[in-house]
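Close look at the chain arrangement
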There are 2 protein chains.
Amino acid sequence: MDRFVSTYTNKIDAKGRVSIPAPFRSVLENDGYSGGIYCYPSLDAAALDGGGERLAQKIDGLLQGLPDYSDERDELSVALYGDVHVLSIDGDGRIILPQSLRTHANLETQVTFVGLGDKFQMWHPETFQDRHKQAREKAKQHRTLFGAGSGNPTGSRDGGARE
Amino acid sequence: MDRFVSTYTNKIDAKGRVSIPAPFRSVLENDGYSGGIYCYPSLDAAALDGGGERLAQKIDGLLQGLPDYSDERDELSVALYGDVHVLSIDGDGRIILPQSLRTHANLETQVTFVGLGDKFQMWHPETFQDRHKQAREKAKQHRTLFGAGSGNPTGSRDGGARE
DNA sequence: TAAAAATCCATGGAATCCCATAATAGCCCA
DNA sequence: TGGGCTATTATGGGATTCCATGGATTTTTA
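Here's a quick rundown of the structure. Residue numbers here run from 1 along each chain, matching the order of that chain's written sequence. Following the order in which they are written, the chains are lettered starting with A and the ligands numbered starting with 1. Where totals are concerned, whole chains, interfaces and linings use all residues; where local detail is concerned, this predicted model gives features only for residues with pLDDT of at least 70, and gives and counts side-chain atom pairs only at 80 or more. Water and hydrogen atoms play no part in the side-chain values, which are based on all heavy atoms of the structure.

Note on terminology: near, applied to a residue and a molecule or strand, indicates that one of the residue's heavy atoms is within 4 Å of it. Residues in contact with DNA strand C, as listed here, are Lys15, Arg17, Ser88, Asp92, Arg94 and Ile96 of chain A together with Lys15, Arg17, Asp92 and Arg94 of chain B. Of all DNA strand C atoms lying within 4 Å of any protein atom, the proportion belonging to sugar or phosphate reaches 27%. Gly is placed with the polar residues, together with every amino acid not listed as nonpolar (Ala, Val, Leu, Ile, Met, Phe, Trp, Tyr, Cys and Pro) or charged (Asp, Glu, Lys and Arg). Residues that form the surface near DNA strand C fall into these classes: one nonpolar, one polar and eight charged.

Next comes the structure, spelled out in structure tokens:
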């Protein structure tokens with residue numbers, strides 16, 4: 001399997017460590033594991049985005065259009081690279097979440113890992129529940145718009161409720 | 001790991017010494033460490049740019065586009081090379097910031113190191129906070145432009161069938 | 001010779017490694 | 001089908017290493 005799917009909730013222990021769900025770990029290994037996962041605060045949600053090499057390359061791609069040494073590039077780099085943490089995975093498949101990341105997502109004792117295909121997100125469990133409900137509501141509305149709930153003809157995403 | 005990512009804030013001690021964040025140091029070593037880091041005042045910000053060989057080569061690359069002995073090239077050379085300092089790293093991974101550089105970036109007691117991929121920047125912590133906010137705003141705008149919401153520019157797969 | 005710079009040493013706290021345990025899931029074989 | 005064995009996983013807790021930081025000592029330079 002090569003995509004992050006499903007959700008899991010794990011504990012944060014006294015040292016700030018969290019187990020990465022085993023299925024996610026194996027995805028990361030197939031993705032060219034380079035010593036750790038890339039993790040940064042989501043731009044518009046109280047959550048963290050995480051992933052492996054594929055995610056890192058995506059970030060590179062966003063910057064490629066911009067000329068070196070332009071102020072614009074530097075500015076964007078601050079948001080894209082400056083916020084990224086490389087969290088190394090210990091021998092037991094755990095990472096430790098830096099304080100800055102934990103505060104962004106209100107993570108205290110538990111983390112909900114949510115697979116999003118190319119990447120995954122980490123949420124405060126309750127916050128995610130709310131989000132999840134909203135997302136499903138929106139998805140239903142869309143379906144009735146399209147009629148019959150027979151899948152998703154246009155291939156559009158589910159109303160952007162995610163992230 | 002081969003690029004500068006993440007942000008770290010370190011102290012300047014009484015002698016003007018600052019620890020380079022360990023992850024940055026290891027990037028520099030992989031980058032062909034040549035005795036010190038290249039450091040110069042950012043052209044359009046109250047910050048310092050720093051990096052290793054890759055950064056030096058990029059500066060060279062900019063100049064190569066211009067004809068030899070042209071006024072334009074001379075000017076740019078002065079602008080780019082003139083203010084460059086080579087800061088040697090001591091046995092404990094620290095550098096000493098010359099006064100001229102410190103004044104340009106208003107560095108007094110603390111320095112925030114920001115990874116920008118090929119290079120990194122050094123900011124006064126509070127000044128950086130503002131910059132950081134701007135940068136995230138800009139990134140949001142770009143993101144909607146790119147349609148990079150789910151990290152999937154084409155919007156094709158992952159149509160919301162989560163869980 | 002005094003001031004400045006480079007090198008060396010010491011330390012507290014944090015991150016990493018290593019091992020132990022309990023719970024779960026998968027499997028084999030009767 | 002069921003029962004027991006094994007492998008995997010999440011979690012907890014020491015022990016060790018790494019790192020930022022401060023200070024002392026030596027070397028250089030003015």
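Attention shifts here to the pattern of salt bridges. Definition used for salt bridges: Asp or Glu carboxyl oxygen within 4 Å of a side-chain nitrogen of Lys or Arg. With the rule as written, the count across this model stands at 21 salt bridges over all chains. The residue Arg3 of chain B makes a salt bridge to Asp60 of chain A at a minimum N-O spacing of 2.2 Å. Of the two residues, Arg3 of chain B sits in the segment before β1 (7-11) while Asp60 of chain A sits in helix α2 (residues 53-64), which places them in two different chains. Relative accessibility under 20% of the residue-type maximum defines a buried residue, over 50% an exposed one, and the middle range a partly exposed one, all with a 1.4 Å probe and only protein chains included. According to the relative accessible area criterion, Arg3 of chain B is buried, its value standing at 15%. Secondary structure elements are defined from DSSP: runs of H or I of at least 4 residues count as helices, runs of E of at least 2 residues count as strands, and each element is numbered from the N terminus.

Positive phi, close to 75°, is recorded for Ser6 of chain A, a residue that is not glycine. Along the chain, the position of Ser6 of chain A falls in the segment before β1 (7-11).

By nearness alone, 24 residues border DNA strand D, and Lys15 and Arg94 of chain A together with Lys15, Arg17 and Arg94 of chain B come closest of all. For DNA strand D, the backbone makes up 45% of the atoms found within 4 Å of the protein, where backbone means sugar plus phosphate. In the model, a base oxygen of DNA strand D is placed 2.8 Å from a nitrogen or oxygen of the Arg94 of chain B side chain. The set of elements that each furnish at least two residues to the surface near DNA strand D consists of β1, β2 (17-19) and α1 (22-30) of chain A together with β1, β2 (17-19) and α1 (22-30) of chain B. Each polar contact in these results corresponds to two N or O atoms within 3.5 Å; when the atoms are within protein, one needs to be able to donate a hydrogen and the other to accept it, and residues that are neighboring in sequence are counted only if both atoms are side-chain atoms.

Okay, the environment of Asp118 of chain A next. All names here are of chain A. Position of Asp118 among the secondary structure elements: in the loop between β7 (110-115) and β8 (120-123). Classification of Asp118 by relative accessible area gives buried; the value is 12%. Residues Asp118 and Asp2 lie 116 residues apart in sequence; the distance between their C-alpha atoms is 8.4 Å.

With that settled, the discussion passes to the packing of aromatic side chains. Two aromatic rings from Phe, Tyr or Trp, using only the six-membered ring of Trp, form a pair when their centres are within 6.5 Å; if the ring planes differ by under 30 degrees the pair is stacked, by over 60 it is edge-to-face, and anything between is tilted. Under the criterion given, the structure shown has 14 aromatic pairs over all chains. A ring pair is formed by Trp123 of chain B and Phe128 of chain B, whose centres lie 6.1 Å apart and whose planes are at 55°; its orientation type is tilted. One exposure class covers both Trp123 of chain B and Phe128 of chain B, and it is buried. What links up through ring pairs into an aromatic cluster is the set Phe4, Tyr8, Phe24, Phe113 and Phe120 of chain A.

Residues and elements named next belong to chain A. Any two strands between which DSSP finds at least two bridges are classified as paired. Across the sheet, which stays open at both edges, the six strands sit in the order β1-β7-β8-β4-β3-β5 with antiparallel pairing between neighbours. Edge strands, defined here as strands with exactly one partner in the open sheet, are β1 and β5 (85-88). Put simply, the sheet's adjacent strands are angled 30° from each other on average, direction ignored. Summarising the sheet, β7 and β8 pair through four bridges and their orientation is antiparallel. Comment: axis = line fitted to C-alpha atoms, over the contacting stretch for helices; angle = value between 0 and 180 degrees taken between N-to-C directions.

Among the polar contacts listed, one links the side chain of Arg3 of chain B to the side chain of Asp60 of chain A, at a separation of 2.2 Å. Every residue pair with non-hydrogen atoms within 4.5 Å of one another is taken to be in contact. Once residues within four sequence positions are removed from consideration, Arg3 of chain B is found in contact with Tyr38, Glu53, Ala56, Asp60 and Tyr81 of chain A together with Val27 and Gly117 of chain B.

Attention shifts here to helix α3 (residues 71-80) of chain A. Within α3 of chain A, eight of the 10 residues are buried, which leaves the element mostly enclosed by the surrounding structure. Three or more residues of α3 of chain A are buried, namely Arg73, Asp74, Glu75, Leu76, Ser77, Val78, Ala79 and Leu80 of chain A.

Moving on to the packing of helix α2 (residues 53-64) of chain B against helix α3 (residues 71-81) of chain B. Residues and elements named next belong to chain B. Interaxial distance between α2 and α3 falls to 10 Å at its minimum, and their mutual angle equals 165°. Between α2 and α3, the interaxial angle falls into the category roughly antiparallel. For the element pair α2 and α3, the recorded crossing hand is right-handed. Taking contact as the criterion, the partners of Ile59, Asp60, Leu62, Leu63 and Gln64 in α2 are, on α3, Arg73, Leu76, Ser77, Leu80 and Tyr81. Classifying every residue of the contact of α2 with α3 by side-chain character gives six nonpolar, two polar and two charged. Roughly parallel refers to an angle under 35 degrees, roughly antiparallel to one over 145, roughly perpendicular to one between 65 and 115, and oblique to any angle outside these ranges. By the definition used in this description, the sense in which the near helix is turned from the far one sets the handedness, with an anticlockwise turn below a right angle giving left-handed and a clockwise turn giving right-handed.

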